[in-house]
Amino acid sequence: MMQRTRQSRILWPLLVIVYLWVFLAMIGRAGFAYTTYERDTDFRSYLSSLDASPSTSGGRSLRLDGDGDYVEIPFADDLNNLSAITIEAWVKREAYRCETVVGNGWRESYWLGFCNQPIRFYHTGYKRVDGRTPIPPGQWIHVAVTYDGTTRRYYINGRLDLESTLNNGPINPGSGALYIGADRHGGCTDRALCGFQGLIDEVRIWNVVRTQAEIQADMYRAINGPRPGLLAVWHFDGDARDAVGSHHGTLGGDAQFSPEGFFKRTLYFPVMTMK
Ligand SMILES: [Ca+2]
Ligand SMILES: [Ca+2]
């Protein structure tokens, strides 16, 4: 009896609010709007305006221990018929090593990673150029590479690190799965798959050359919808799904997700509005 009384004390005010809202909506005085908070700062400022506590449902990243861990993306034509390419990722390294960020078979197609300190990018097999600036362990760094068959450009945190026409020519397609955090050809001296050690987040592959301004404009926010030339985006917020297409990945080795994502999870809030 007591239980039922307590329930009705909570239920009745709720019902009154819902009925009032429906009435206002019917006469056109109320509605719903969905607001997207893509960056944690936006979300926190939204919450502070409500005088509420921050959410703990943060985004995640891919954690790899550098020894046999990877995300495998099944072979797809659009990842292999490229006259131009842009690859972007947030990385947090743990050491200077030869390690893969995105590998499409480095002996035949494209590969983005580091061999010790700077960015390295291969295409068409052994056609490589190393960047100039070290990518240090222990901090989140945004790396981006663009290549159009003639000119390659490397960006670190949105700043141009290297522009080069050395070893240029068309991008050769691969013939197998694309890996994130490893490469199916392997061949690094101490590890079978040239595995990455650390955290990787927000990996994107485009079939166009992104400009420096475009890279800077999008590096601090998650992309969740289609864009011209955007082939795939992996947020790694607890899964390896492609957020804009069908290039869904599966984890290999003992790859896992870290609670330390570069971005907080993208949040969609229904906000009641008065007209
Ligand atoms: Ca491992
Ligand atoms: Ca993430």
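Treat the numbers as computed from the prediction; the structure is a model and nothing was measured. (Residues numbered from 1 in each chain as written. Chains lettered and ligands numbered in written order. Predicted model: local features only at pLDDT ≥ 70, side-chain atom pairs only at ≥ 80, totals over all residues.)

A. Geometry of the overall build of the protein chain. Counting its regular elements, the protein chain contains three helices and 17 strands. When burial is assessed residue by residue, the protein chain has 37% of its 275 residues classed as buried. For the protein chain, contacts bridging at least 24 residues in sequence account for 69% of all contacts bridging at least 6. (Helix = DSSP H or I, 4+ residues; strand = E, 2+ residues; numbered from the N terminus. Buried ≥ 20, exposed ≤ 12 C-beta atoms within 10 Å, placed from the backbone. Contact = placed C-beta atoms within 7 Å.)

B. Seen up close, the sheet that holds strand S7 (residues 119–123). Spatial strand order, S8-S7-S6-S5-S12-S3-S15: seven strands in an open sheet with antiparallel pairing. Since the sheet does not close on itself, it has two edges, and those belong to strand S8 (127–130) and strand S15 (250–252), each with one partner. Strand-to-strand, the axes of this sheet are offset by a mean angle of 30 degrees, without reference to chain direction. For strand S3 (residues 70–73) and strand S12 (residues 178–180), the ladder comprises three bridges, and the chain directions are antiparallel. Counted as the bridge partner of Val71 is Ile180 from S12. (Pairing = 2+ DSSP bridges. Axes fitted to C-alpha atoms, helices over the stretch in contact; angles between N-to-C directions.)

C. Expanded view of the nonpolar core. Core analysis: the biggest nonpolar cluster contains 57 residues, and Ala89, Phe121, Ile180 and Ile200 have the highest contact counts within it. If we skip the residues at most four places from it in the chain, Phe121 touches Trp111, Leu112, Arg128, Val129, Val145, Tyr147, Arg152 and Tyr154. (Core = buried A, V, L, I, M, F, W, Y, C linked by C-beta atoms within 7 Å.)

D. Unusual backbone geometry, seen in detail. Notably, Asn157 is not glycine yet its phi reads approximately 50 degrees, a positive angle. Structurally, Asn157 can be placed in the loop between strand S10 (152–156) and strand S11 (159–164). The backbone phi angle of Cys194 is positive, close to 50 degrees, even though this residue is not glycine. Within the secondary structure, Cys194 is located in the loop between S12 and strand S13 (197–206).

E. Representation of the pairing of S10. Within S10, four of the five residues are buried, which leaves the element mostly enclosed by the surrounding structure. The sheet contact formed by strand S9 (residues 141–147) and S10 spans five bridges and is antiparallel. Pairing of Tyr147 across the sheet is with Arg152, part of S10. Sheet topology note: the S10/S11 ladder contains five bridges and is antiparallel. What sits directly across from Ile156, in S11, is Arg159.

F. Inspection of the environment of Asp242 at higher detail. For Asp242, the position within the fold is in the loop between strand S14 (230–234) and S15. In this structure, the C-alpha to C-alpha distance between Asp242 and Arg204, residues 38 residues apart in sequence, is 9.3 Å. Residues contacting Asp242, with those up to four places away along its chain left out, are Ala232, Val233, Trp234, His247 and His248.

G. Looking closely at the environment of Thr250. Tracing the backbone shows Thr250 in strand S15. Distance in space between the C-alpha atoms of Thr250 and Ala240 is 6.2 Å, their sequence separation being 10 residues. When sequence neighbours within four positions are dropped, the list of residues in contact with Thr250 reads Glu72 and Ala240.

H. How the structure looks around the environment of Asp183. Its location among the elements puts Asp183 in the loop between S12 and S13. You can call Asp183 buried: it has 30 C-beta atoms within 10 Å. Asp183 has contacts with Thr100, Gly103, Gly105, Trp106, Trp111, Leu193 and Cys194, leaving out every residue within four places of it along the chain.

I. Inspection of the confidence of the model for the protein chain at higher detail. Scored by pLDDT, the protein chain has a mean of 84; 77% of the residues are at 70 or more. In the predicted structure, residues 31–57 sits below a pLDDT of 50 and forms 32 contacts with residues beyond four places in sequence or in another chain. Below pLDDT 50 for its whole length, residues 266–275 participates in 26 contacts with residues either more than four positions away or in separate chains. (pLDDT = per-residue confidence, 0-100.)

J. Broad picture of the pairing of S14. For S14, a buried count of five out of five residues is recorded, marking the element as mostly surrounded by other parts of the structure. Relative to S14, S13 runs antiparallel, the two being bridged by four bridges. Its bridge partner being in S14, Val203 is matched across the sheet by Trp234.

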